[in-house]
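# Breakdown of the fold
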Amino acid sequence: MKIRKREIGDVVVLDVNGNILGQPDGELFQETIRSLIATGTRKVLVNLGNVGWINSTGLGTLIAGFTEMQKGGGTLKLVAVSPRIQSVLAVTRLTTIFEAFQEEEEAVRSFT
Amino acid sequence: MSRDSNEAVQLRIPSQLRFLGVVDAVVQSFAADFAWEPDDVNNLSTAAIEAASNAMEHGNRFAHEKSVSLHIRGDKHAVEIEIEDQGKGFDPRPYERDLTPEDLLKMRGRGIFIMRSFMDEVSFAYVPEHGMRVRLRKRGSHAMEKSGGHGASP
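Residues numbered from 1 in each chain as written. Chains lettered and ligands numbered in written order. Predicted model: local features only at pLDDT ≥ 70, side-chain atom pairs only at ≥ 80, totals over all residues. Heavy atoms only, no water.

### Focus: the environment of A:Val16
Residues and elements named next belong to chain A. Note the following rule: Comment: elements are numbered from the N terminus, with helices defined as DSSP H or I runs of at least four residues and strands as E runs of at least two. It only takes one pair of heavy atoms within 4.5 Å for two residues to be counted as in contact.
Relative to the helices and strands, Val-16 is located in strand E2 (residues 11-17). Separated by 13 residues in the primary sequence, Val-16 and Ile-3 have C-alpha atoms spaced 4.7 Å apart. Not counting residues up to four positions away in its chain, the partners in contact with Val-16 are Met-1, Lys-2, Val-46, Asn-47, Asn-50 and Val-51.

### Examining the pattern of salt bridges
Filter applied, for reference: Any Lys or Arg side-chain nitrogen located within 4 Å of an Asp or Glu carboxyl oxygen qualifies as a salt bridge. For each residue, the accessible area found with a 1.4 Å probe, counting protein chains only, is set against the maximum for its type, and the residue is called buried under 20%, exposed over 50%, and partly exposed in between.
Evaluated as defined, the whole model comprises 17 salt bridges over all chains. Across the pair A:Glu68 and A:Arg34 runs a salt bridge whose closest N-O atoms are separated by 3.9 Å. Note that A:Glu68 is positioned in helix H2 (residues 56-71) and A:Arg34 in helix H1 (residues 25-38), a separation of 34 residues in sequence. What makes A:Glu68 partly exposed here is its relative accessible area of 23%. Residue classification places A:Arg34 among the partly exposed positions, given a relative accessible area of 33%. For B:Glu82, the salt bridge is made with B:Arg73, and the minimal N-O distance between the two is 3.5 Å. The exposure class of B:Arg73 is partly exposed, given its relative accessible area of 25%. Put simply, B:Arg73, B:Glu80, B:Glu82, B:Glu121, B:Arg135 and B:Arg137 are held in one network by salt bridges that share partners.

### Some thoughts on the layout of surface pockets
Note the following rule: The definitions used throughout rest on a 1 Å grid laid over the protein atoms alone, on which a cavity is an enclosed set of points accommodating a 1.4 Å probe that cannot get out and a pocket is an open set flanked by protein within 12 Å on both sides along at least five of seven lines; lining residues are those having an atom within 4 Å of a point. Grid points are joined across faces, edges and corners, and a volume is the space filled by probe spheres set on the points. Amino acids outside the nonpolar list (Ala, Val, Leu, Ile, Met, Phe, Trp, Tyr, Cys, Pro) and the charged list (Asp, Glu, Lys, Arg) are all regarded as polar, and Gly is one of them.
Its volume calculated, the largest pocket comes out at about 340 Å³. Broken down by secondary-structure element, the contributors of at least two residues to the lining of the largest pocket are H2 of chain A together with helix H2 (38-59) and helix H3 (111-118) of chain B. It is H2(B) that contributes the most residues to the lining of the largest pocket, 5 residues altogether. Of the residues belonging to the lining of the largest pocket, the class tally is 4 nonpolar, 8 polar and 5 charged. The space that makes up the second largest pocket amounts to roughly 270 Å³. Together, 14 residues line the second largest pocket, and B:Gln10, B:Arg12, B:Ser69, B:Leu70 and B:Glu84 are the ones closest to its centre. Elements with a contribution of two residues or more to the lining of the second largest pocket: strand E1 (7-14), strand E2 (67-74) and strand E3 (78-84) of chain B. The dominant element in the lining of the second largest pocket, judged by the number of residues it contributes, is E2(B), at 4 residues. Residue classes in the lining of the second largest pocket are distributed as 2 nonpolar, 6 polar and 6 charged.

Here is the structure:
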């Protein structure tokens, strides 16, 4: 898994590339979130457009990022969630905690 | 050409998460000609990935000398996948339950729930001198039959 950072105003977009599986992906994601919080970022949008699938450990990685961001006073949202990943989020009821969008523009606007 | 006969694929992969991509590719390829709804094929593959992840991590503890075996068989009506590790086995009963609101933000513990949600049948058995064997079975809904109003296949 690779993560690329972009900024749109005060929103940091994390473009995730590859599948979210477990370690070392989890540590990379957590480290990225921690460093964003440390540098004052409070709005994070995770772009899953290039993530083919996710397993339960990968869900744990997203949840850890979400709670870390929440503890830091920020928000983490998802964009470009494929139907396959959406199914996993829905069945585990994680759609109730993750705000997810299809379009990046709409997602960025939702932070304001 | 569509396949109607009962075919089988066997696969043995190292206990490394990067090989889960192979599991996805093989399961998707196996079911490709069955004209199932895409969601059914994806859910079948997601469950197989989940079982293989568990086998690598909890069964084999990522030991380099241990592998995970998959046996995939079936036809356009249903596919069965057996996933076997080389570990000491575990009791799945504590994980065979619905998720509660308290589970929502937990980092772990959703694997078996995901398998059960996406499959028609899931069973666990410890095979002495082999390891834990997880059996997944899914019946497919056919895209054509659904659009033609005939409902799901048996």
